[in-house]
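Coordinate inspection notes
Single-letter residue listing:
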Amino acid sequence: MSAWSSESESLLVTFDHGYVRANDIETVTIHQSLPSDAASWKSLTEQVTVFSSSISTMSHCDRILPVQKGE
């Protein structure tokens, strides 16, 4: 590790049909394999959703990840 590098934190959670990766407090990536009748090599049935932090003066320059609440 060089003197100019910084520490980084990452969390990976796997589940039956994909995974979720959180990098520092900047991004959360959800990777899902969607159900399909075709063989996995014949079809691209995947969905990737990326949530990124935002910095604004209203948030006192803190990084905030948007939160979706289920209904």
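Residues numbered from 1 in each chain as written. Predicted model: local features only at pLDDT ≥ 70, side-chain atom pairs only at ≥ 80, totals over all residues. Heavy atoms only, no water.

Structural notes on the overall build of the protein
- Across its full length, the protein carries zero helices and four strands.
- Starting at the N terminus and ending at the C terminus, the protein contains elements arranged as β-β-β-β.
- In the protein, buried positions account for 8% of the 71 residues.
- Restricting to contacts in the protein with at least 6 residues of sequence separation, those with at least 24 account for 14%.
- Total accessible area on the protein is roughly 6,500 Å²; 54% of this is exposed by carbon and sulfur atoms. (Helix = DSSP H or I, 4+ residues; strand = E, 2+ residues; numbered from the N terminus. Buried < 20%, exposed > 50% of the residue type's maximum accessible area, 1.4 Å probe, protein only. Contact = heavy atoms within 4.5 Å. Areas by Shrake-Rupley, 256 points an atom, 1.4 Å probe, with all protein chains shown as cover.)

Observations regarding a nonpolar patch on the surface
- Together, Leu-12, Phe-15 and Tyr-19 make up an exposed nonpolar region whose accessible area comes to about 260 Å².
- Tracing the backbone through its elements, the reader meets Phe-15 in strand S1 (residues 10–15).
- Phe-15 sits in the partly exposed class, given a relative accessible area of 38%. (Patch = residues over 30% accessible without salt bridge, like charges linked within 9 Å, V, L, I, M, F, W, Y side chains within 5 Å. Salt bridge = Lys/Arg side-chain N within 4 Å of Asp/Glu carboxyl O.)

A short note on the pairing of strand S2 (residues 18–23)
- With six bridges joining them, S1 and S2 adopt antiparallel strand pairing. What sits directly across from Ser-10, in S2, is Asn-23.
- Taking the residues between adjacent antiparallel strands as the criterion, S1 and S2 are bridged by two residues.
- Here S2 runs beside strand S3 (residues 27–33); their pairing, made up of six bridges, is antiparallel. Within the sheet, the bridge partner assigned to Arg-21 lies in S3 and is Thr-29.
- Between the antiparallel neighbours S2 and S3 lie three residues, among them Asp-24 with a positive phi of about 45°. (Pairing = 2+ DSSP bridges.)

A few points about the sheet that holds strand S4 (residues 46–52)
- Taken in spatial order, the four strands make up an open sheet running S1-S2-S3-S4, and their pairing is antiparallel. The open sheet has two edge strands, S1 and S4, and neither has a second partner. Across the sheet, the mean angle separating the axes of adjacent strands is 10° when strand polarity is ignored. (Axes fitted to C-alpha atoms, helices over the stretch in contact; angles between N-to-C directions.)

Describing the side chain of His-31
- Of note, His-31 is situated in strand S3.
- Beyond its immediate chain neighbours, meaning those up to four positions away, His-31 contacts Phe-15, His-17, Gly-18, Tyr-19, Glu-46, Gln-47 and Val-48.

Focus on the pairing of S3
- The sheet contact formed by S3 and S4 spans seven bridges and is antiparallel. Along S4, the bridge assignment pairs Gln-32 with Gln-47.

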